[in-house]
Structures are given as C-alpha cells and as structure tokens.
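Spelled out, the chains give:
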Amino acid sequence: MSLPFFYESEIPSGLSHFTLSEESSKHCSQVLRMKSGDRIQLTNGKGNVFVARIMNEDKKKTLVSIEESRLVLPTSKKISCCISLLKNANRFEWLLEKVTEIGVYEIQPLLCIRTEHARFRKDRLQGILIAAMLQSQQAWLPLLHEPVTFKTCINQSTYQQKLIAHCDEKKKQLIKDLPITSDRQILIGPEGDFSPEEISFAIENGYAPITLGETRLRSETAGIVATALLMNS
C-alpha cells in the first residue's frame, strides 16, 4: 500500500527535518489519524519526492524527519492545453482535474469572442490541480496561467507544434495522424466553438487545424481527449 502523499510547495532538498504546513498537518493528524512513527510522502510539485517519518503529530505544526529523497524527471512530452473559460465553472474544474491526472504540462485559460463567462478563481483551481497531482501520485504540478485573450496566446506561443481543434468544415487532420514532436500546444474553444476570424488568425500564425474524431465533443471533453491523445502518441 502506498504511503499518504502530501504537497509542500516550499520544501527544499537537503533538509533532515521539516514542519508541515497547517493544512497538511491537520489532514495528517485529524483526518488520517496518523501518529508519531508513521511514514508519509511529500512533494514540492517540482519533481522532488521525499519519504518522511512523523516525529510528533500536531494539528497545526507536525514535525517530520526526512528519510529518503529522489528526483522524478519530467515527462519528455510537454503538452500545453489552451482552452476557453466555460460557462459552467464546474465543467472547467473537471477538465483541470482530468488533464492533470493525464500529465499535462500547462493549462492556459483563454478569453475568446464566444467565451460567455470570465470567472477565474485561481486559488480554488490551483487546489484542484494539487489534489489531482497527489491522487495520481505525480511529482510535477502543471502550470496554471491567468486567462489571456485568444490573440495574446497565439502571439506569445513558442511551441514547436501548434494545433487548433475546431468544428468548422474547413480541411482538418486527424490528431492521431500528426507527426510526433516533444512539445505541443492545442487550442480548444468555448461553447459555440471559435469564431471564423479566430480560426483564420490561428491558421495564419502556424496553427494546424485538427479534428478529434467524427463526433462533436463538449469543450471540456475535447480538452481531455486532445491532451490524452497528444500524451500517448
């Protein structure tokens, strides 16, 4: 059985002892009912994983001793999921959870012509990413950026392979037929899809139009499917 996994953003390498944050301490002592001598795992979300033993349990300041440490190398595939904020915030949160479990490198929320709501609670969304990272036993936390306009995202992109998924009838490639590259960026539109002007602007700036299959997917489903296909191709 794997050890309980906790996120501590500020834990550096080389320490022999560490005091858990109040959030981790509370979860450790009051939710999991862990005691002195029990072992846990910690990660800073930047590839470092530590095995630690509880020295004294406390609901605010649990002290642990670091017994082992290792560095988990990042995946060789760097996938950027750029997706419009959605009308239903719960669906956007579900997307974040699932692409994190899949292993996405970064998430860039977009403000598109047809984006209906621009609500963005970064603290809450960051917490969802952390929970998904821990649940899937990963050591790298995806980057979550502040929302930017569609054109800003395109103008700032430095990715080797740039893709846009849309529902327009223009000629598109199947995502599974694309050449494999190590870093890829995919654009996913809002409910109602990208506007024709946005699609044209992306293609003019080097984005290849792609399709995810024969059925029309919800935006959040498209983001998850695209991320999974790009990670596994």
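For the structure itself, look to the data block above.
Rules behind the numbers
- Residues numbered from 1 in each chain as written.
- Predicted model: local features only at pLDDT ≥ 70, side-chain atom pairs only at ≥ 80, totals over all residues.
- Heavy atoms only, no water.
- Helix = DSSP H or I, 4+ residues; strand = E, 2+ residues; numbered from the N terminus.
- Buried < 20%, exposed > 50% of the residue type's maximum accessible area, 1.4 Å probe, protein only.
- Contact = heavy atoms within 4.5 Å.
- Areas by Shrake-Rupley, 256 points an atom, 1.4 Å probe, with all protein chains shown as cover.
- Axes fitted to C-alpha atoms, helices over the stretch in contact; angles between N-to-C directions.
- Parallel < 35°, antiparallel > 145°, perpendicular 65-115°, else oblique.
- Nonpolar A, V, L, I, M, F, W, Y, C, P; charged D, E, K, R; others polar.
- Salt bridge = Lys/Arg side-chain N within 4 Å of Asp/Glu carboxyl O.
- Patch = residues over 30% accessible without salt bridge, like charges linked within 9 Å, V, L, I, M, F, W, Y side chains within 5 Å.
- Core = buried A, V, L, I, M, F, W, Y, C linked by side-chain atoms within 4.5 Å.

1. Quick look at the overall build of the protein chain
Right, on to step 1. A count of helical and extended segments in the protein chain gives six helices and 13 strands.
Right, on to step 2. Taken along its principal axes, the extent of the C-alpha atoms in the protein chain is 65 × 35 × 30 Å.
Right, on to step 3. In the protein chain, buried positions account for 47% of the 233 residues.
Right, on to step 4. Here the analysis covers contacts within the protein chain between residues at least 6 apart in sequence; of these, 73% occur between residues at least 24 apart.
Right, on to step 5. Surface exposure of the protein chain reaches about 12200 Å², of which carbon and sulfur atoms provide 50%.

2. Re the environment of Met231
Right, on to step 1. Mapped onto the elements, Met231 comes out in helix α6 (residues 219-231).
Right, on to step 2. The buried category is assigned to Met231, whose relative accessible area is 13%.
Right, on to step 3. The residues touching Met231, leaving out its near neighbours within four places in the chain, are Thr75, Lys77, Ile79, Ile102 and Gly103.

3. Overview of the packing of helix α2 (residues 89-102) against α6
Right, on to step 1. Axis separation between α2 and α6 bottoms out at 9 Å; the angle between their running directions is 10°. In terms of orientation, α2 lies roughly parallel with respect to α6. Only Glu220, Gly223, Ile224, Thr227, Ala228 and Met231 of α6 make contact with α2, whose side of the interface consists of Arg91, Trp94, Leu95, Lys98, Val99 and Ile102.
Right, on to step 2. Of the residues belonging to the contact of α2 with α6, the class tally is seven nonpolar, two polar and three charged.

4. Points about the pattern of salt bridges
Right, on to step 1. Going through the model one piece at a time under the given rule, you end up with eight salt bridges.
Right, on to step 2. When the shortest N-O distance is used, the salt bridge between Glu93 and Arg124 registers 2.6 Å. Pair noted here: Glu93 is in helix α2 and Arg124 is in helix α3 (residues 122-135), with a separation of 31 residues, a long-range link.
Right, on to step 3. The closest approach of N and O atoms between Glu97 and Lys98, which form a salt bridge, is 3.0 Å.
Right, on to step 4. Classification of Lys98 by relative accessible area gives partly exposed; the value is 23%.
Right, on to step 5. Connected through shared salt-bridge partners, Arg39, Arg53, Glu67 and Glu68 make up one network.

5. With respect to a nonpolar patch on the surface
Right, on to step 1. Taken together, the side chains of Leu71, Leu73 and Trp140 present a nonpolar region at the surface, about 340 Å² in accessible area.
Right, on to step 2. Following the sequence through the fold, Leu73 ends up in the loop between β5 (63-71) and β6 (78-84).
Right, on to step 3. Given the relative accessible area of 68%, Leu73 is considered exposed.

6. Notes on the nonpolar core
Right, on to step 1. Phe92, Leu96 and Ile186 are the most contacted members of the largest nonpolar core, which totals 36 residues.
Right, on to step 2. For this core, the elements supplying multiple residues, two or more each, are β1 (5-7), β6, α2, α3, β10 (161-165), β12 (183-188) and α6.
Right, on to step 3. Per-element accounting of this core gives the leading share, six residues, to α3.
Right, on to step 4. Aside from chain neighbours lying at most four places away, what touches Phe92 is Ile83, Ser84, Leu85, Leu86, Pro109 and Leu125.
Right, on to step 5. In this structure, Cys112, Ile154, Leu187 and Phe194 belong to the second largest nonpolar core, which totals 14 residues.

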